[in-house]
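# Coordinate analysis (summary)
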Amino acid sequence: MKLRCFIVLLCSTWSWAQENVTYQNPPAEIMNLADYQRAPAVSMDSRKEFMLLSYRSTYKSLDDLNQDEMRLAGLRINPVTNSLSTISYSSNLKIRKVNDPKEIQVRGLPENPKIAHVSWSPDERKIAFTHTTSNGVELWIIEVASASAKKITAANLNATMGSPYLWKNDNAALLVQMLPANRQALIDQKKDLPTGPTVSNSDGKKSQNRTYQDLLKNKTDEANFDTMVSSELYWVALDGAKTLFKPAALYAGMNFSPDGNYLLLTQIEKPYSYIVPMSRFPQKTSVYKTDGTFVKVVNEVPLTEIMPKGFSSVRKGIRNMSWRPDQPATLFYVTALDEGDASKKVDYRDALYVWEAPFSALPREFMKTKQRFSGINWGNETVAFVNDEWYDTRNQKTYLIDPSQSNLNPKIVWDLNSQDIYADPGNFETKRNNYNRYVLAIENDQVFLLGNGYTKEGQFPFVDALHLKTLKTNRLYQSKLKDKKEDLQAIVDFKKGDLLVMIQSKNEYPNYYFRNMKSAKLTPITQFKNPFESIKNVYKEVIKYKRNDGVELSGTLYLQANYDRTAKKEKLPLLIWAYPAEFKDKSSAGQSDKNPNEFTFPSYGSFIYWVTRGYAVLDDASFPIIGEGTTEPNDTFIPQLVANAEAAINALDQLGYINRKKVAIGGHSYGAFMTANLLTHSNLFACGIARSGAYNRTLTPFGFQSEQRNYWDVPEIYNGMSPFMQADKMKTPLLLVHGDADNNPGTFTLQSERYFQALKGLGAPARLVLLPKEAHGYVAKENIFHLLWEQDQFLEKYLKN
């Protein structure tokens, strides 16, 4: 079937005018950059002996998107293959030794591979993956040493919930979700006549649910959801022999205990909901022995349609249940002490528990948190680090605790603003223990932190050692590179001081190296080439400037390679690409995480392509929205938005590079919302490009982005921030783009359609492009190339000329 890109144009009459254009390609300068082959994805074993290289196409095709699809309970499922329709596949696999550049083609791969769900075995001697055929999903195994693959199941796996298998701890078998032998047939919505209306009730309890998409709508959807998600669990040996482990049910999660003797198994139960996705359906979690013997039901979660207001609110009951990785078979979980309601005043928000198998004794509480629990790093029997945080204040604390004790007064290691990136102490380094689970790397009473190293002067990643008794840090290594960007991936050898790092520059593709912390010696591992040679010499600089209230801002400036920055005779048209971010203080808002040495990677997600077309580009321009104290950021959203834009234009105008009368603004999602508001409420821009945005906030009445208040709390904020409500003020040319299958909460395709209809009816110059089959992010080659053509045509018409 030949699909066309559907475009709605403004015309002088009330009726809509449609232009059924065929797909177009952008100009050669852009096409040469957009049509490239991506480098393979790299996966290394924990010993850094072998690496797996996964190759896939740079883009999907429109034919890939033009498949059968069912949208059920937040899932998008291909009912023919019994897999997620949104998944991306690799088309080839190669293996190499980390210390040997020779790549070895994996032998025995299926014909026309569609590879997904790749997973190393616990001993890292084998790799499992799925292959999707025209009618189902198969399971395959790679022997790493011989680089050979073999199929071990028929195309009968159920991958509708993601990865359909789990390695057993002994490396000799896998637990696999397979289609039930007596599977029910799907019901055809078009042919199945309803027996009555669909009725939903409200019991009078307040709840703030976001505007989720792809929800169940009726009893037919419920029946089809049961059919698509239901699986039988089988043990599958490496020779393909299989044994039934558990009968058909809707399995939503499975995880072996570290010692391999128990299985934590979660099932979805009824009743279902038409207002929330599958993740909030009732669930029952049970523990079984690996021989199938039932041990205990350890958690039951009811249907969660009712949630308290606020980003620090959670549901009632047990949550975050998982196996403790440093113990043979001990569960960890959290419960809310405030019923999950952030508005309640309590001394402690959460309680943390451990529960040892076989669960005959009661769970043991080992800590209470004063803020909302946000994470734990397990070390050993007496060492763990716990995080709690509170959204309204952006406060985050880290505690050193002894999990074997009650921890009534835990040691506070860090008390930070979660948005203060200059004070970020880094992330704990982990290593595999004797259970092949990752725990804190503890050496000589020290743990280790790998930090991004953002500072006012630039980015200098570091490795710190934190002494467990003194809680003092000792810097073991800090990158000194000023012409390259170094990212610290892992500590490979603690005694030798070897790190795995990734190094890149603005014109050198990111590659892996070993770095010795003591000698600073670099040993290359990969040698991926720059696929964007035509822009390797463009001028790139992170510029810093201030808003009218003193808030420090920044952006990455691109100028064409031959532009004379000394004479500055030619004043260039400027493109600004941005995305607003909310902050609770000016200091954090003014910090910069931009690095001029980051590899220049053009994509449809920015305007970088257009530096080849004679434009100046300010990418990732800072657009902070700040609300200090009891003030919320959105209380002054519009004035701050305009002030951010004006500051960027003033800065580049003062540098002498641009014609300030020829400036365009663009953004995706919340950046599109920003774009429409800037064109509505300022005269700073000649035109704008808004992609996959939401423009009427009354259609997201229970919060959006970082807004916790609902429409009825602050109707003036919702209305004032909605470009749709101010459509009569918008007179600046606007290119609206949207995927016609957007699945993101709030950004329904209807948002762009209705906004365009308002603009058209009110006489504003606008163009609407609906990309066939695309969701919130665009993936099809035909659509992306056409999008670039549309943007180029629009900018040439309304900005450059």
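Below: a short report on this structure. (Residues numbered from 1 in each chain as written. Predicted model: local features only at pLDDT ≥ 70, side-chain atom pairs only at ≥ 80, totals over all residues. Heavy atoms only, no water.)

## Digging into the overall build of the protein
The cut-off we apply is this: Secondary structure elements are defined from DSSP: runs of H or I of at least 4 residues count as helices, runs of E of at least 2 residues count as strands, and each element is numbered from the N terminus. Contact definition: two residues touch when any of their heavy atoms are within 4.5 Å. Here the Shrake-Rupley method, with its probe set to 1.4 Å, supplies the accessible areas, and only the displayed protein chains count as covering residues. For the charge count, each Lys or Arg is scored as positive and each Asp or Glu as negative, with His and the chain ends excluded. Charge positions are represented by NZ for Lys, CZ for Arg, CG for Asp and CD for Glu.
From N to C terminus, the protein includes 9 helices and 51 strands. The dimensions of the protein, computed from C-alpha atoms along their principal axes, are 75 × 75 × 60 Å. A sequence separation of at least 24 residues applies to 58% of the contacts in the protein between residues at least 6 apart. Roughly 34,700 Å² of accessible area belongs to the protein as shown, and the carbon and sulfur atoms make up 47% of that amount. Put simply, the protein has 96 plus and 87 minus side-chain charges, and the middle of one group is 2 Å from the middle of the other.

## Structural notes on the sheet that holds strand 37 (residues 473-478)
Applicable threshold: Only when DSSP finds a minimum of two bridges between them are two strands counted as paired.
Taken in spatial order, the 4 strands make up an open sheet running 30-33-36-37, and their pairing is antiparallel. A single partner strand is all that each edge strand has here, and the edge strands are strand 30 (427-428) and strand 37. Relative to strand 37, strand 36 (residues 462-467) runs antiparallel, the two being bridged by 5 bridges. Bridge pairing links phenylalanine 462 to glutamine 478 in strand 37.

## Looking at the pattern of salt bridges
Side chains that differ in sign of charge can pair as their charged atoms come close. Going by this rule: Definition used for salt bridges: Asp or Glu carboxyl oxygen within 4 Å of a side-chain nitrogen of Lys or Arg.
In total, this model carries 39 salt bridges according to the counting rule given. Arginine 613 is the salt-bridge partner of glutamate 796, the closest N and O atoms lying 3.8 Å from each other. With glutamate 796 in helix 9 (residues 781-800) and arginine 613 in the loop between helix 4 (586-589) and strand 46 (616-621), the pair connects residues that are 183 residues apart, well separated along the chain. Between arginine 709 and glutamate 707 there is a salt bridge whose closest N-O contact spans 2.8 Å. Ionic contacts of the salt-bridge type, sharing partners, join the residues Glu29, Arg613, Asp792, Glu796 and Lys800 into one network.

## Focus on the side chain of threonine 398
Condition: The cut-offs for exposure are 20% and 50% of the maximum accessible area for each residue type, with area from a 1.4 Å probe on protein chains only; residues under the lower value are buried, those over the upper are exposed, and the others partly exposed.
Tracing the backbone through its elements, the reader meets threonine 398 in strand 28 (residues 395-401). Taking the relative accessible area as the measure of exposure, threonine 398 reaches 7% and is therefore buried. When near neighbours in sequence (up to four residues on either side) are disregarded, threonine 398 contacts Phe385, Val386, Asn387, Lys411, Ile412, Val413 and Trp414.

## Considering the environment of serine 43
Rules: Within 3.5 Å is the distance limit for a polar contact, defined as a pair of N or O atoms, with the added protein rule that one can donate a hydrogen and the other accept it, and that residues adjacent in sequence qualify only through two side-chain atoms.
Position of serine 43 relative to the elements: it lies in strand 3 (residues 41-44). Residue classification places serine 43 among the partly exposed residues on the basis of a relative accessible area of 27%. Residue contacts for serine 43: discarding those within four places in its chain leaves Phe50, Met51, Leu52 and Trp120. Among the polar contacts listed, one links the side chain of serine 43 to the side chain of tryptophan 120, at a separation of 2.9 Å.

## Comments concerning helix 9
For the record, the criterion: The span one expects for a helix is its residue count, reduced by one, times 1.5 Å.
With 20 residues, helix 9 ought to run about 28 Å at 1.5 Å a step, and its terminal C-alpha atoms sit 27 Å apart, in line with that. For helix 9, the buried fraction is high: 14 of the 20 residues fall into the buried class.

## Details of the pairing of strand 42 (residues 539-546)
Alignment of strand 42 against strand 43 (residues 552-559), held across 8 bridges, turns out to be antiparallel. Note that in strand 43 the partner of tyrosine 539 across the bridge is leucine 559.

## Considerations on the pairing of strand 20 (residues 283-289)
Across 7 bridges, the pairing between strand 19 (residues 262-268) and strand 20 is antiparallel. Counted as the bridge partner of threonine 266 is threonine 285 from strand 20. Strand direction decides the pairing type here: strand 20 and strand 21 (residues 294-301), joined by 6 bridges, are antiparallel. Paired with tyrosine 288 across the two strands is phenylalanine 294, which belongs to strand 21.

## Some remarks on the layout of surface pockets
Heads up, the rule is: Grid points spaced at 1 Å and placed over the protein atoms alone form the basis of the search, with a cavity being a set where a 1.4 Å probe fits but cannot get out and a pocket an open set showing protein on both sides within 12 Å along at least five of seven lines. Lining residues have an atom within 4 Å of a point. Grid points are joined across faces, edges and corners, and a volume is the space filled by probe spheres set on the points. Here the term charged refers only to Asp, Glu, Lys and Arg, the term nonpolar to Ala, Val, Leu, Ile, Met, Phe, Trp, Tyr, Cys and Pro, and the term polar to all other amino acids, Gly among them.
If you add up the space inside the largest pocket, you get close to 670 Å³. What lines the largest pocket is a set of 25 residues, among which Val199, Ser200, Asn201, Tyr274 and Glu305 lie closest to the centre. Computed from the structure, the second largest pocket encloses a volume of approximately 510 Å³. Every residue lining the second largest pocket is counted, 25 residues in all, and those nearest its centre are Asp64, Gln67, Ile87, Tyr89 and Lys114. If you list the elements that add at least two residues to the lining of the second largest pocket, you get helix 2 (62-65) and strand 7 (83-84). Its residues placed into classes, the lining of the second largest pocket shows 6 nonpolar, 13 polar and 6 charged.

## Here we look at the packing of helix 5 (residues 637-655) against helix 6 (residues 670-681)
Pairs of packed helices are described in terms of their axes, by the angle between the two and the distance that separates them. The condition that has to hold: Axis definition: a line fitted to C-alpha atoms, over the contacting stretch in the case of helices. Angles run 0 to 180 degrees between N-to-C directions. The cut-offs work like this: below 35 degrees is roughly parallel, past 145 is roughly antiparallel, 65 to 115 is roughly perpendicular, and the gaps in between are oblique.
Where helix 5 contacts helix 6, the two axes come as close as 10 Å, and the packing angle between them is 85 degrees. In this view, helix 5 runs roughly perpendicular relative to helix 6, as classed from their interaxial angle. Here Phe637, Ile638, Leu641, Val642 and Ala645 of helix 5 come into contact with helix 6, specifically with Tyr670, Phe673, Met674, Asn677, Leu678 and His681. A class-by-class count of the residues in the contact of helix 5 with helix 6 yields 9 nonpolar, 2 polar and no charged.

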